[in-house]
Amino acid sequence: MRRYYGRSLLDEGTGSAQASFRCDGFVRDGTIAAPSGDPVPLHVLPPFLRALLVTDGTVTKILEAYFWEPVTVDTLEQRFEVAEEPVPAIQVEPGDRCLIRDARLRGTDSGRSFAEAFSLIRAELIPAGFRQRLIDREIGIGVLIRDSGLESYREVLDVGMEIDADGRRAVCRTYRIIIEGRPVILITECFPLALYAGERDGI
């Protein structure tokens, strides 16, 4: 949860090229920040990776169609945690109890890790059946929302680059899921750059 403390994602990048990219999917001469702080031109990113950053669809299905293998969601860690600071993007206040989930999207045939997803969930604001399936780690969040028939949409709030747990550069996006008119889930997905770039140099 600490990754979101002190960040006002709703206001970051307003009017910037990055904001235009996450909303429109195209911005000429746009950049995102590398972990060093240096700008990385969006046009040098692999095209499929650019599409993943702005999609409002279910990422698991998109990965399956592109890599042409089943993708499973491995839950690496899941716990309840009490917020110490506000997280305005989904209206979390200090003292609120949230469900935290760290998961990996893995190809079942190749064993490759296509993405890692960190989720912050206001579990008390979602229907009981949905909440229990989340806690039971049955399937990925996107597939669960689709199968539950809940009225929802995704709003991309931020895109950028990070160094992942394995020391590799990863291109990341943070978005919130609004269910029945309320923002209840905040997710950061990180995609290993080398995998999507085909180990190309120069990015």
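Residues numbered from 1 in each chain as written. Predicted model: local features only at pLDDT ≥ 70, side-chain atom pairs only at ≥ 80, totals over all residues. Heavy atoms only, no water.

Undergrad: Tell me about unusual backbone geometry, and name the residues and values.
TA: For W68, which is not a glycine, the phi torsion comes out positive at approximately 55°. As for its placement among the helices and strands, W68 is situated in the loop between α3 (59-67) and β3 (71-82). (Helix = DSSP H or I, 4+ residues; strand = E, 2+ residues; numbered from the N terminus.)

Undergrad: Can you explain the state of the cysteines? Please cite residues and give values.
TA: Throughout the structure, instances matching the rule amount to 1 disulfide. Linked covalently through their sulfurs, C172 and C190 form a disulfide whose S-S length is 2.3 Å. Judged by the torsion about the S-S bond (110°), the C172/C190 disulfide is right-handed. With a gap of 18 residues between them, C172 in strand β7 (residues 169-179) and C190 in strand β8 (residues 182-192) connect regions that are remote in the sequence. A relative accessible area of 4% means that C172 is categorised as buried. (Disulfide = S-S within 2.5 Å. Buried < 20%, exposed > 50% of the residue type's maximum accessible area, 1.4 Å probe, protein only.)

Undergrad: Could you give an account of the nonpolar core, naming the residues involved and the relevant values?
TA: One finds L45, L63, I185 and Y196 to be the most contacted residues of the largest nonpolar core, which totals 44 residues. The residues contacting Y196, other than those within four sequence positions of it, are P46, F48, L49, L52, L63, F67, F114 and F191. (Core = buried A, V, L, I, M, F, W, Y, C linked by side-chain atoms within 4.5 Å. Contact = heavy atoms within 4.5 Å.)

Undergrad: Describe α3, naming the residues involved and giving the relevant values.
TA: What sets the pattern is the α-helix's 3.6 residues per turn: residues three or four places apart point alike. Of all the residues in α3, the buried ones are V59, T60, L63 and F67. Buried residues along α3 cover an arc of 100° about the axis, so they all sit on one side. Once α3 finishes, W68 follows within two positions and takes phi at roughly 55°, a positive value. (Arc of directions from axis to C-beta.)

Undergrad: Describe the packing of aromatic side chains, with residues and values.
TA: Overall, the coordinates contain 8 aromatic pairs when judged by the stated rule. Taking 4.1 Å as the distance between ring centres and 15° as the angle between the ring planes, the aromatic pair formed by F67 and F114 counts as stacked. Here the residue F67 occupies a position in helix α3, and F114 occupies one in strand β5 (residues 113-121), the gap between them amounting to 47 residues. Like F67, the residue F114 is buried in the burial classification. (Phe/Tyr/Trp six-rings, centres within 6.5 Å; stacked < 30°, edge-to-face > 60°.)

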